[in-house]
Amino acid sequence: MEIIGVVSKGKKSGKTTTVEDIVRELVKRGYRCGTVKHICKEDGFTLDRENTDTWRHARAGARVVVGVSKGETAYILKTEKEPRLSEVIRGIGDICKELDYLIVEGFSKEDIPKIAVGLLDDDLEEVVDENTILISGPAANLDLKYDIPAIDATKDPGGVVDIIEGLENRFDAVFDRLPKLNCGKCGFETCEETANNIVIGNARLEDCVVLATRKEVLLKIGDAEVPLGSFVQDFVKNGFLGMIRTLKKADMKPGDVVELKIRVGEDDVRYL
Ligand code: SF4
């Protein structure tokens, strides 16, 4: 799922219209889209209207209330503090796995590819940063000082989506090369996040610690690979091969792959 942010300096700048235009064009091209909207309201904001049944469930102390009907299912998660975008995205992934694009309105400080929307040149000052891939809104029709493509989504939604698709192709090419272990050792929580940051120039393929270390030892638990640094790989390889060399029938030659499988028993995990 590719994540694109749409940000602006303040309200009434055309952000929501830009989101609508992008979603409409993506859906027209056959993509499955989701959106996230950051709501800048003080404490007390709720979608759950007073005296409805779901409101009563929450008031009784339920931390999550789900309203289910034929055409719509609403999840209302009661939180003490505002969740981070990454948590919201994880939640969306759990309940709706088949999205191609997630368009995020607001969240201007997040490290995701962003479209900066403004009415005037000055509106862009605070929102254009190293993650900006495009400028949109009425300001895109002006002679701007930024070395970033500028397309007004209301006039040319196809042009905006062409740029988003180009980003997606680059993302796929990068993501394919990453190990998909989501180990977090590169500083990003997931390989998807790393790929996004490589595409927009905030990271390099070499930042993947797993790719950077030679893979002479592969450790898998079930189907999941456990990333090993070069020190641990050397340690396991030398200790293990040293033990094998003492066995009579263990005949090794260069190029052989040695496999060891261990079935984990109750006692092995008791003190973990
Ligand atoms: S270090 Fe590599 S495998 Fe681990 S999260 Fe980063 S990109 Fe993914």
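Residues numbered from 1 in each chain as written. Predicted model: local features only at pLDDT ≥ 70, side-chain atom pairs only at ≥ 80, totals over all residues.

Caption draft 1: Highlighting the nonpolar core. Judged by nonpolar contacts, the single largest core of 29 residues is most densely connected at Ile103 and Val104. If you list the elements that add at least two residues to this core, you get strand 1 (2-7), helix 1 (15-28), helix 3 (85-95), strand 5 (101-105), strand 6 (114-117), strand 7 (132-136) and helix 5 (157-177). With residues near it in sequence (within four places) discarded, isoleucine 103 still touches Ile4, Val6, Val19, Ile22, Val23, Cys33 and Thr35. With 5 residues, the next largest nonpolar core counts Cys191, Ile198, Val199 and Ala203 among its residues. (Core = buried A, V, L, I, M, F, W, Y, C linked by C-beta atoms within 7 Å. Buried ≥ 20, exposed ≤ 12 C-beta atoms within 10 Å, placed from the backbone. Helix = DSSP H or I, 4+ residues; strand = E, 2+ residues; numbered from the N terminus. Contact = placed C-beta atoms within 7 Å.)

Caption draft 2: Here's a closer look at the confidence of the model for the chain. Taken over all residues, the pLDDT of the chain has a mean of 87, while the share at 70 or more is 97%. No element of the chain has a lower mean pLDDT than helix 9 (residues 266-269), which averages 80, and none a higher one than helix 1, which averages 96. (pLDDT = per-residue confidence, 0-100.)

Caption draft 3: Main features of the site of the ligand. In the vicinity of the ligand lie 14 residues, with Cys183, Cys186, Cys191, Thr194 and Cys208 positioned nearest. Residue classes in the shell around the ligand are distributed as 10 nonpolar, 3 polar and 1 charged. (Near = placed C-beta within 6 Å. Nonpolar A, V, L, I, M, F, W, Y, C, P; charged D, E, K, R; others polar.)

Caption draft 4: Broad picture of the environment of serine 13. Tracing the backbone shows serine 13 in the loop between strand 1 and helix 1. For serine 13, a count of 22 C-beta atoms within 10 Å gives the class buried. Sequence separation between serine 13 and asparagine 238 is 225 residues, and the spatial gap between their C-alpha atoms is 62 Å.

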